[in-house]
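Given next are the chains, with one letter for each unit.
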Amino acid sequence: MKALFSSIILVLLFFSCNTDKTTSDLSESSTEETVQNKTPLEGAWELIGYHNYADNKVIDSFNTSPGYRQVKMYTPTKVMWSKYTPADSSEWFGYGSYRINGNELTEILEYGSQRMSEIIEEKKEFKHELIINGDTFSQIEIDEEGNMLYAENYKRIE
């Protein structure tokens, strides 16, 4: 009886060790895939300022106001952002997916705060020209005729 019990324990130990190795191999494989699928925007970014354009040239630049915060977070396929303005009790946030095609950033929002949801009902897809420079990026709003209107400028915080 003791021999049978010992044999069962040995078999269970063998399979549990073998399962751990497989789980470890899967984790390493998943990590490698994530690294290979990493986008240049992946991470957390904070809005630091704006540019206004006329005739596709910057005519005005300004930083965010004291206390104002807007943060965007990108995974390989998802985007989420939130905005805090001390003087405004409105909540602003949005969540969805995004894609980069050359120098074009398209964010497709699924839902957001109450005020943002009203905008999403009318327009879900937001296209911008994208300029990435190391740990900073700009997303530039373009009008129907292809003219630059304004840019939001971000710095990487993680």
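All of these numbers come straight from a predicted model, not from anything done at the bench.

This brings us to the layout of surface pockets. In this structure, the largest pocket encloses a volume near 390 Å³. Around the largest pocket, the lining comprises 17 residues; the ones closest to its centre are Gln 70, Trp 81, Met 116, Tyr 150 and Glu 152. If you list the elements that add at least two residues to the lining of the largest pocket, you get β3 (69-74), β4 (78-84), β6 (104-112), α2 (114-122), β7 (125-133), β8 (136-142) and β9 (148-156). Its residues placed into classes, the lining of the largest pocket shows 9 nonpolar, 3 polar and 5 charged.

On to the nonpolar core, then. For soluble globular proteins, the rule of thumb is that nonpolar side chains tend to be buried together. Core analysis: the largest hydrophobic core is formed by 18 residues, its most contacted members being Leu 41, Trp 45, Tyr 74, Leu 105, Leu 109, Met 116 and Phe 137. Elements represented by at least two residues in this core include exactly β1 (43-54), β4, β5 (92-101), β6, α2 and β7. Among the elements that take part in this core, β1 stands out by supplying 3 residues, more than any other. Beyond its immediate chain neighbours, meaning those up to four positions away, Met 116 contacts Trp 81, Trp 92, Phe 93, Leu 109 and Phe 126.

It is worth spelling out the environment of Leu 149 at this point. Along the chain, the position of Leu 149 falls in strand β9. Assessed through its relative accessible area of 37%, Leu 149 is described here as partly exposed. When the C-alpha positions of Leu 149 and Tyr 53 are compared, they lie 5.1 Å apart, and in sequence the two are 96 residues distant. With residues up to four places along the chain from it excluded, the contact list for Leu 149 reads His 51, Asn 52, Tyr 53, Glu 141, Ile 142 and Asp 143.

Here we take up the pairing of β6. Along any regular strand, the residues point their side chains to alternate faces of the sheet. Pairing of β5 with β6, which is carried by 8 bridges, proceeds in the antiparallel orientation. What sits directly across from Tyr 98, in β6, is Glu 107. Where β5 folds back on β6, the antiparallel hairpin that results is connected by 2 residues, among which Gly 102 adopts a positive phi of roughly 65 degrees. For β6 and β7, the ladder comprises 5 bridges, and the chain directions are antiparallel. By the bridge assignment, Glu 107 is partnered in β7 with Phe 126.

Relative to β4, β3 is paired through 6 bridges, and the arrangement is antiparallel. Bridge pairing in β4 links Gln 70 to Lys 83. Taken together, β3 and the strand that follows it, β4, pair antiparallel across an intervening segment of 3 residues. Inspection of the sheet shows β4 paired to β5 by 6 bridges, in the antiparallel sense. Paired with Ser 82 across the bridge in β5 is Phe 93.

Time to look at the pattern of salt bridges. A side chain with one charge can pair with a side chain of the opposite charge if their charged atoms come near. In the structure shown here, the tally under the stated rule is 6 salt bridges. Measuring nitrogen to oxygen at the nearest pair gives 2.7 Å for the salt bridge that ties Glu 46 to Arg 69. Taken together, the residues span a long stretch of sequence, with Glu 46 in strand β1 and Arg 69 in strand β3 at a distance of 23 residues. With relative accessibility at 42%, the residue Arg 69 sits in the partly exposed group.

A full pass over the atoms with the stated rule returns 6 aromatic pairs. Taking the centre distance of 6.2 Å and the plane angle of 75 degrees together, the rings of Tyr 74 and Phe 137 count as edge-to-face. With Tyr 74 in strand β3 and Phe 137 in strand β8, the pair connects residues that are 63 residues apart, well separated along the chain. Here Tyr 74 falls in the buried class, since its relative accessible area comes to 4%.

Criteria and thresholds
- Residues numbered from 1 in each chain as written.
- Predicted model: local features only at pLDDT ≥ 70, side-chain atom pairs only at ≥ 80, totals over all residues.
- Heavy atoms only, no water.
- 1 Å grid on protein atoms, 1.4 Å probe; cavity = no way out; pocket = protein on both sides within 12 Å on 5 of 7 lines; lining within 4 Å.
- Points joined across faces, edges and corners; volume = space filled by probe spheres on them.
- Helix = DSSP H or I, 4+ residues; strand = E, 2+ residues; numbered from the N terminus.
- Nonpolar A, V, L, I, M, F, W, Y, C, P; charged D, E, K, R; others polar.
- Core = buried A, V, L, I, M, F, W, Y, C linked by side-chain atoms within 4.5 Å.
- Buried < 20%, exposed > 50% of the residue type's maximum accessible area, 1.4 Å probe, protein only.
- Contact = heavy atoms within 4.5 Å.
- Pairing = 2+ DSSP bridges.
- Salt bridge = Lys/Arg side-chain N within 4 Å of Asp/Glu carboxyl O.
- Phe/Tyr/Trp six-rings, centres within 6.5 Å; stacked < 30°, edge-to-face > 60°.

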